[in-house]
Amino acid sequence: MAIIAPSILSANFAALAADIEDVDRAGADWIHIDVMDGRFVPNLTFGPPVISAVRSATKLTFDVHLMIEKPELSIPSYIAAGADRITVHAEACVHLHRVVHMIKEAGLPAGVALNPATPLSAIEHVLEDLDLVLIMTVNPGFGGQKFITSSLEKLRTLRAMLKQRGLDHVHVQVDGGINAETAPLVVEAGANVLVAGNAVFTHQDRAAAIAALR
Ligand code: DX5
Ligand code: ZN
């Protein structure tokens, strides 16, 4: 059964805590928090103050996706704000091995995200250290974009790599353009954590929207 992680990027920013409580009640497993700095990606969202403001709205896992440059400079602030797991972009880290271990030494599961054009080889020397690999299925920055179908082959190759190394426990997460049509495709290709923004938050009935992804 896939883990469903609604992305609050598509939630109502004027009532963020209420929307988080709503998807919690609706059966979400994790809350996916898309942090954007307007430099690594062309959009700017929120940082630690907003995360700590909504932390008490739910006990669900805060799955923080850092789409920011030099994440090593602010990881402690995201942890203090209430992150339960942190994912950084391989493309944003000159010293990826060091950043992954910074997250793990702070006691949090560490994830690495790859943009659509970034090859899996970018993570082959840290794979053993990871709890999660995030395969971006759109170019990061905005919700509501079209799913990139070449991600399916990348997912299959990643799953095979993990199996071959006895790393089946590593989560394979997808993010971008995930909806009732694309969800079965990515799960069949090896994803077990589905991030969905528009496919959840644009629907009145969030429980039905989440159920449609499972
Ligand atoms: C990066 C963001 C988005 C968001 C999901 O752009 O990470 O992918 O979470 O967006 P939807 O599910 O609306 O495509
Ligand atoms: Zn994300």
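Parameters and conventions
- All residue numbers refer to position in the chain's written sequence, counted from 1.
- Throughout, the order in which chains and ligands are written sets their labels, letters from A for the former and numbers from 1 for the latter.
- Where local features are concerned, this predicted model is filtered to residues with pLDDT of at least 70; where side-chain atom pairs are given and counted, the filter is 80 or more; whole-chain, interface and lining totals use all residues.
- As a rule here, side-chain values cover all heavy atoms of the structure and leave hydrogens and water aside.
- When a carboxyl oxygen of Asp or Glu is within 4 Å of a side-chain nitrogen of Lys or Arg, the pair counts as a salt bridge.
- Strands here mean DSSP runs of E at least two residues long; helices mean DSSP runs of H or I at least four residues long; both are numbered from the N terminus.
- Burial classification: accessible surface area is computed with a 1.4 Å probe over protein chains only, and a residue below 20% of its type maximum counts as buried, one above 50% as exposed, and the rest as partly exposed.
- Arc definition: directions from the helix axis to the C-beta atoms.
- Residue contacts are counted whenever heavy atoms from the two residues lie within 4.5 Å of one another.
- Donor selection uses N, O and S atoms within 2.8 Å of the metal (3.2 Å for Na, K and Ca). Since no water is included, sites may look incomplete.
- Whether a residue is near a molecule or strand depends on its heavy atoms: if one lies within 4 Å, it is near.
- Here a polar contact means two N or O atoms within 3.5 Å. Within protein one must be a hydrogen donor candidate and the other an acceptor candidate, and residues neighboring in sequence count only if both atoms are side-chain atoms.
- Each accessible area is a Shrake-Rupley result for a 1.4 Å probe, and residues are judged covered by the shown protein chains and nothing else.
- UniProt positions are given in the numbering used here, feature names are shortened, and annotations may be inferred rather than shown by experiment.
- Here is the rule: rings of Phe, Tyr and Trp (six-membered ring for Trp) pair when centre to centre is within 6.5 Å. Planes less than 30 degrees apart are stacked, more than 60 are edge-to-face, and the remainder are tilted.
- Charge over a ring is defined by NZ of Lys or CZ of Arg lying within 6 Å of the ring centre and within 35 degrees of the ring normal.

A few points about the pattern of salt bridges
- In the structure shown here, the tally under the stated rule is 10 salt bridges.
- Here Asp-19 and Arg-206 are joined by a salt bridge, their closest N and O atoms 3.0 Å apart. In this pair, Asp-19 is assigned in helix H1 (residues 16-25) and Arg-206 in helix H8 (residues 206-213), connecting sequence segments 187 residues apart.
- Between Arg-39 and Glu-69 there is a salt bridge whose closest N-O contact spans 3.2 Å. Separated by 30 residues along the polypeptide, Arg-39 in the loop between strand E2 (30-36) and helix H2 (48-54) and Glu-69 in the loop between strand E3 (61-67) and helix H3 (75-81) bring together distant segments of the chain.

Comments concerning helix H4 (residues 96-105)
- For H4, the set of buried residues is Leu-96, Val-99, Val-100 and Ile-103. The buried residues of H4 occupy an angular sector of 100 degrees when projected down its axis, which confines them to one face. Exposed residues lying more than 90 degrees from the buried face of H4 are Arg-98 and Glu-105.
- On its buried face, H4 is in contact with H3, strand E4 (85-89) and strand E5 (110-114).

Some words on the coordination of the zinc ion (ligand 2)
- Within the first shell, the zinc ion (ligand 2) binds the protein through His-32 (NE2), Asp-34 (OD), His-65 (ND1) and Asp-175 (OD), at distances of 1.9 to 2.1 Å.
- Each donor residue of the zinc ion (ligand 2) lies on one chain, and together they are spaced H-x1-D-x30-H-x109-D. Taken together, the residues His-65 in strand E3 and Asp-175 in strand E7 (residues 171-175) connect sequence positions 110 residues apart.
- Under the relative-accessibility criterion, His-65 is labelled buried at 0%.

Quick notes on the site of ligand 1
- Taken together, 21 residues lie around ligand 1, and Asp-34, Gly-141, Asp-175, Gly-177 and Gly-197 are the ones closest in.
- Asp-34 places a polar side-chain atom, nitrogen or oxygen, 2.5 Å from an oxygen atom of ligand 1.
- At 3.2 Å from an oxygen atom of ligand 1 is found a main-chain nitrogen or oxygen belonging to Phe-142.
- With the chains in place, 99% of the 370 Å² that ligand 1 exposes on its own is no longer accessible.
- Residue assignment for the shell around ligand 1 shows that the elements contributing at least two residues are E2, E3 and strand E8 (193-196).

Considerations on the UniProt feature "signal peptide" (unreviewed entry) in the protein chain
- If you check UniProt for "signal peptide" (unreviewed entry), the listed places come out as residues 1-17 in our numbering.
- With 12% helix and 24% strand, residues 1-17 has its two end C-alpha atoms placed 27 Å apart.

Points about the packing of aromatic side chains
- With the rule as written, the count across this model stands at one aromatic pair.
- Between the aromatic rings of Phe-13 and Phe-46, the centroid separation amounts to 5.5 Å while the plane-to-plane angle is 50 degrees, which identifies the pairing as tilted. Taken together, the positions of Phe-13 in the loop between strand E1 (3-6) and H1 and Phe-46 in the loop between E2 and H2 put the pair 33 residues apart, joining distant regions of the chain.
- For Phe-13, a relative accessible area of 42% puts it in the partly exposed group.
- Phe-46 sits in the buried class, given a relative accessible area of 8%.
- A cation over a ring is seen here: Arg-55 above Phe-62, with NZ or CZ 3.7 Å from the ring centre.

Let's talk about the UniProt feature "binding site: a divalent metal cation" (unreviewed entry) in the protein chain
- Residues given the UniProt feature "binding site: a divalent metal cation" (unreviewed entry) here are His-32, Asp-34, His-65 and Asp-175. With the annotated positions falling across 144 residues, the maximum pairwise C-alpha distance of 10.1 Å places them together in a single cluster.
- Mapped onto the elements, Asp-34 comes out in strand E2.
- Not counting residues within four places of it along the chain, the set of residues in contact with Asp-175 comprises His-32, Asp-34, His-65, Leu-134, Ile-135, Met-136, Thr-137, Val-138 and Val-195.
- Of the polar contacts made by the side chain of Asp-175, one reaches the side chain of His-32; its length is 3.2 Å.

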